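Fold and contact review
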Amino acid sequence: MTKANSGNRTLQITALVAIVFGALTVFAGGRALFASDAAIGDVVPFVLRFNFMAGFVYILAGVGLLRQERSAVWISLAILAVTFLVMAALGIYIQQGGAYETRTIAAMTLRIMVWAVISRIAWVYIRQARAR
């Protein structure tokens, strides 16, 4: 397998991760937003709404990555940046005594890590593909 094929495979897997992550985010967020399930705990409304809407953008980024579109790199970086800002807002909310679930912090941390990796892979492989 050549280095170009390996990079293409890496980008395809990354794109599929973004799409699946997006679909799961939309499903879980939609369930929490639209179901009357009291078992979801102390929801932070702005985080829940952000995550639900971001799930659709995750899918968009994943499709762009599959198509090796340069815009997918910028979408991925924007997702990372905005997720970081929402995490900062969550920190302020918690500092002010807002009710939250520990899993919300864990989920936001996971999102930042996932999009940091996706953004890096997108940056490297799409830029390399464009340079050829």
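Before going into details, it helps to say that this report is about the structure given with it. Residue numbering note: each chain is counted from 1, following its sequence as written. Given that the model is predicted, a residue must reach a pLDDT of at least 70 before its local features are reported, and side-chain atom pairs must reach 80 or more before they are shown or counted; all residues, however, enter totals for whole chains, interfaces and linings. Only hydrogens and water are set aside; all other atoms, that is, all heavy atoms of the structure, feed into the side-chain values.

1. Let's talk about the pattern of salt bridges
Only one rule defines a salt bridge in this text: a Lys or Arg side-chain nitrogen within 4 Å of an Asp or Glu carboxyl oxygen. Across all of its chains, the model carries 1 salt bridge by this definition. Between Arg67 and Glu69 there is a salt bridge, with the nearest N and O atoms lying 3.1 Å from each other.

2. Digging into the packing of aromatic side chains
Pairing of aromatic rings covers Phe, Tyr and Trp, the last through its six-membered ring, and needs centres within 6.5 Å; plane angles under 30 degrees mean stacked, over 60 mean edge-to-face, and all others mean tilted. Across all of its chains, the model carries 6 aromatic pairs by this definition. Taking the centre distance of 5.9 Å and the plane angle of 80 degrees together, the rings of Phe46 and Tyr93 count as edge-to-face. Residue Phe46 is located in helix H2 (residues 45-66), and its partner Tyr93 is located in helix H3 (residues 70-95); the two are separated by 47 residues in the primary sequence. Three exposure classes are used, based on accessible area relative to the maximum for each residue type with a 1.4 Å probe and protein chains only: buried under 20%, partly exposed in between, and exposed over 50%. Residue Tyr93 is classed as partly exposed on the basis of its relative accessible area of 25%. An aromatic cluster of three or more residues is present, and its members are Phe21, Tyr58 and Trp115. The secondary structure listing takes helices from DSSP runs of H or I that are at least 4 residues long and strands from runs of E that are at least 2 residues long, numbered from the N terminus.

3. Digging into the side chain of Thr25
Position of Thr25 among the secondary structure elements: in helix H1 (residues 3-34). Among the residues examined, Thr25 registers a relative accessible area of 5% and is labelled buried. A distance of 2.7 Å separates a polar atom in the side chain of Thr25 from the backbone oxygen of Phe21. With residues up to four places along the chain from it excluded, the contact list for Thr25 reads Gly30, Asn51, Gly55, Tyr58 and Arg111. Here a polar contact means two N or O atoms within 3.5 Å. Within protein one must be a hydrogen donor candidate and the other an acceptor candidate, and residues neighboring in sequence count only if both atoms are side-chain atoms. Contacts are residue-level and defined by heavy atoms, with any inter-residue pair within 4.5 Å sufficient.

4. Section: H3
Helical geometry note: an α-helix holds 3.6 residues per turn, so side chains three or four residues apart project in the same direction. The end-to-end C-alpha separation of H3 is 38 Å, in line with the 38 Å expected for 26 residues at 1.5 Å each. Every buried residue of H3 is listed here: Ala72, Val73, Ser76, Ile79, Thr83, Val86 and Leu90. Between the first and last residue of a helix there are one fewer steps than residues, each counted as 1.5 Å, and that sum is the expected span.

5. Focus on the side chain of Arg111
The topology assignment puts Arg111 in helix H4 (residues 102-131). Glu101 provides the closest opposite charge to the buried, salt-bridge-free Arg111, at an N-O distance of 14 Å. For this count, His and the chain ends are skipped, Lys and Arg are scored as positive, and Asp and Glu as negative.

6. Examining the layout of surface pockets
The gaps of empty space that remain are located by a probe, the size of a water molecule, rolled over the atoms. Size it by volume and the largest pocket reaches roughly 620 Å³. Each cavity reported here is a set of points on a 1 Å grid over the protein atoms alone in which a 1.4 Å probe fits but cannot get out, each pocket an open set with protein on both sides within 12 Å along at least five of seven lines, and each lining residue one with an atom within 4 Å of a point. Taken together, 23 residues form the lining of the largest pocket, with Ala28, Ala32, Leu48, Arg103 and Arg111 sitting closest to its centre. Elements supplying a minimum of two residues to the lining of the largest pocket: H1, H2 and H4. The element best represented in the lining of the largest pocket is H1, accounting for 8 residues. Each residue is assigned to one class: nonpolar for Ala, Val, Leu, Ile, Met, Phe, Trp, Tyr, Cys and Pro, charged for Asp, Glu, Lys and Arg, and polar for all the others, Gly among them. Class assignment of the residues belonging to the lining of the largest pocket gives a composition of 13 nonpolar, 4 polar and 6 charged. Grid points are joined across faces, edges and corners, and a volume is the space filled by probe spheres set on the points.

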